[in-house]
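Geometric and topological summary
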Amino acid sequence: MGYNGYMKDFDYLGEGEVYLDGACQSLRPRPVIDVVNQYYTEHNSCGERVKYKWGKITDEKVDATREKVLKFLGLKARKYTVSFTLNTTYGINLILSQLKADEFSKIMTSEIEHNSPFLASMTFAQRTGLPREVMERNDDGSINLNDYDFTKAVVVVNCASNFDGRKLLNIGELIKTVHKAGGIVIIDAAQAMAHSADVLRGVEPDAICFSAHKLYAPSLGVIVWRDELAEKMDVGFVGGGMVDDVELESYLLSSENKEHRYTRFESGLQAWGEIIGLGEALDWLDDVPKKDWNNLKQYSAELYDFLDSSPKVHIVNLEPNPTMSFYVEGLDSHLLGGALSRENIMARTGYFCVHYYLDHVLGLPPLIRFSLGLHNRESDIEKIKKVMRKII
Ligand SMILES: Cc1ncc(COP(=O)(O)O)c(C=O)c1O
């Protein structure tokens, strides 16, 4: 299947419809939708347990997706395992809820986090009684490592923000420092995977959680985890699909066998069609030509410059990024969102689940967020500018 050009792969977009909410959910390209349809119409079957031929096709494609995720991140199968979940939020909570408290001294997160790790770090602290520390992030997204003590810390941070796309530029250094201090690092890569995966490649955290639905793939969560992480965890979420044997009061986990380690986080029946769709999305992304990546960069810069040039517009971003948030002086962002919607421009308004930082640290009013994707075209940018000029 592969990439056929954005005009064909997003041909279902109606005339004049401008979708600017890729940071929440990417639009899915046709080949991904087709592969999911193919699963439902040609080999609808449960993975891992089924011996008839449809099951074998499903197994092959699911296994291939695990390999493609590792390849995309530049990680090795001898060190890392790929497990599927519901979304980033579920993955982070699943890990934190099972970590053994006595292995750690505290939990650390950062001020610019999405509620997903921000709240999960609170419940971790409540469950374990361990202290919680919220680190500051520099304007460029990095953390001043010398300001913190990482001894036996659980660190859970994003590597790209969902309101301005700023990246955790010193992620490699952070991981090395935390590991040296006996701690672990869980990376929220929800925003990084689609357009900023470069920040992640070649670094080796203890876990990476992301949402396939922000990566041009169907709704699905992924946990990529270092094998040693299992030693620091209890098993607290169990059921079908993850045991090899069960007696009256005990069970044998399939994840004890290296080959089936991924079952450690996969209790119950999985979203097989969606997993296969993720595999197709990764192939599709691999096929996207450089010129289309450059277009996305150029459209982001054009829109950023346009917003930046208006004295009434206050942008949170310090530099262009496909994800940009702002407010217009004297104009309620929700009303602005409504006005844009009437012109078929779909953008998000509010705090985008970053209430603590945007509302309570920066003291900003509700914002509007434009998040671009590979489906956007030059005519979208022209239309946004025209409509924004009219409204402002
Ligand atoms: C940085 C970041 N982390 C976590 C999440 C949560 O993702 P999900 O709702 O798919 O669990 C999001 C969603 O927007 C996000 O942008």
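Residues numbered from 1 in each chain as written. Predicted model: local features only at pLDDT ≥ 70, side-chain atom pairs only at ≥ 80, totals over all residues.

So, about the domain arrangement of the chain. Examined at the domain level, the chain breaks down into domain 1 (6-25 + 288-391) and domain 2 (32-285). Its C-alpha centre places domain 1 at a distance of 28 Å from the equivalent point of domain 2. Each partner contributes residues to the interface: domain 1 has 20 residues there, and domain 2 has 15 residues. When contributions to the side of domain 1 that touches domain 2 are tallied by element, the ones reaching two or more residues are β12 (323-328) and α11 (355-361). Per element, the largest residue contribution to the side of domain 1 that touches domain 2 is five residues, and it comes from α11. (Domains from an automatic or database assignment. Contact = placed C-beta atoms within 7 Å. Helix = DSSP H or I, 4+ residues; strand = E, 2+ residues; numbered from the N terminus.)

Overall, mixed pairing links the seven strands, which are arranged β2-β8-β7-β6-β5-β3-β4 in an open sheet. Only two strands of the sheet have a single partner each, and these edge strands are β2 (80-85) and β4 (132-135). Ignoring which end each strand starts from, the neighbouring axes of this sheet average 15 degrees apart. Here strand β3 (residues 106-110) runs beside strand β5 (residues 153-158); their pairing, made up of three bridges, is parallel. In the sheet register, M108 faces β5, and the bridge partner there is V155. With respect to the sheet, helix α3 (residues 53-73) is in contact with β2, β7 (207-211) and β8 (221-226), its orientation differing from that of β2 by roughly 120 degrees. Across the face of the sheet, helix α5 (residues 115-128) comes into contact with β3, β4, β5 and β6 (184-188) while running at roughly 165 degrees to β3. (Pairing = 2+ DSSP bridges. Axes fitted to C-alpha atoms, helices over the stretch in contact; angles between N-to-C directions.)

The full set of residues close to the ligand is C24, N87, T88, T89, H114, S116, N158, N162, D188, A190, Q191 and S211. Here the residues of the shell around the ligand sort into two nonpolar, nine polar and one charged. (Near = placed C-beta within 6 Å. Nonpolar A, V, L, I, M, F, W, Y, C, P; charged D, E, K, R; others polar.)

Mapped onto the elements of the fold, Y148 is located in the loop between β4 and β5. In this structure Y148 comes out as partly exposed when scored by C-beta crowding, with 18 C-beta atoms within 10 Å. Through-space distance from the C-alpha of Y148 to that of I112 is 17 Å; in sequence the pair is 36 residues apart. Setting aside its immediate chain neighbours within four residues, Y148 contacts M108 and M135. (Buried ≥ 20, exposed ≤ 12 C-beta atoms within 10 Å, placed from the backbone.)

Let's shift gears to the nonpolar core. Core analysis: the largest hydrophobic core is formed by 69 residues, its most contacted members being A189, A207, V224 and A281. By residue number, the principal contributor to this core is helix α8 (residues 272-287), which donates eight residues. When sequence neighbours within four positions are dropped, the list of residues in contact with A207 reads I95, I186, I187, I223, V224, W225, R226 and L229. (Core = buried A, V, L, I, M, F, W, Y, C linked by C-beta atoms within 7 Å.)

If you walk across this open sheet you meet the four strands as β11-β12-β15-β14, and the pairing is antiparallel. Both edges of this open sheet fall to β11 (313-315) and β14 (348-350), since each of them pairs with a single strand only. Each adjacent strand pair in this sheet contributes to an overall mean axis angle of 30 degrees, direction not counted. Bridge analysis of β12 against strand β15 (residues 367-371) gives four bridges, and the strand direction is antiparallel. Looking at β15, one finds that M324 is bridged to F370. Sheet contacts for helix α9 (residues 290-308): β11, β12 and β15; angle to β12, the most-contacted strand, approximately 20 degrees. Of the strands in this sheet, β12, β14 and β15 touch helix α10 (residues 333-342), which is tilted by about 40 degrees from β15.

Most of β5 is tucked away: six of the six residues are buried. Burial along β5 is two-sided: the face carrying A153, V155 and V157 and the face carrying V154, V156 and N158 are both buried. Where β5 lies against β6, five bridges are found, and the strand directions are parallel. Note that in β6 the partner of V154 across the bridge is I184.

With that settled, the discussion passes to the packing of α9 against helix α12 (residues 378-391). Close contact between α9 and α12 brings their axes to 10 Å; oriented N to C, the two are set at 10 degrees. With respect to α12, the axis of α9 lies roughly parallel. Residues Y299, E302, L303 and F306 of α9 pack against I381, I384 and K385 of α12. Per-class residue counts for the contact of α9 with α12 are five nonpolar, no polar and two charged. (Parallel < 35°, antiparallel > 145°, perpendicular 65-115°, else oblique.)

The next subject is the packing of helix α4 (residues 88-98) against α5. Remark: α4 packs on α5, axes separated minimally by 10 Å, with the N-to-C direction vectors making an angle of 20 degrees. One finds that α4 runs roughly parallel with respect to α5. Taken as a pair, α4 and α5 cross one another with a handedness that is right-handed. Between α4 and α5, the contacting residues are T88, T89, I92, N93 and L96 on the first element and S116, P117, A120 and F124 on the second. In terms of residue class, the contact of α4 with α5 is built from five nonpolar, four polar and no charged. (Left-handed = near helix turned anticlockwise from the far one by under 90°.)

Quick look at helix α2 (residues 30-42) now. Given a rise of 1.5 Å per residue, 13 residues ought to cover 18 Å, and the 17 Å separating the end C-alpha atoms of α2 matches this to within 8%. For α2, the set of buried residues is P31, V32, V35, V36 and Y39. Seen end-on, α2 carries its buried residues on one side only, within an arc spanning 140 degrees. Away from the buried face of α2 by more than 90 degrees, exposed residues N37, Y40, T41 and E42 are located. Next to the buried residues of α2 lie α1 (6-9) and α8. (Expected span 1.5 Å × (residues − 1). Arc of directions from axis to C-beta.)

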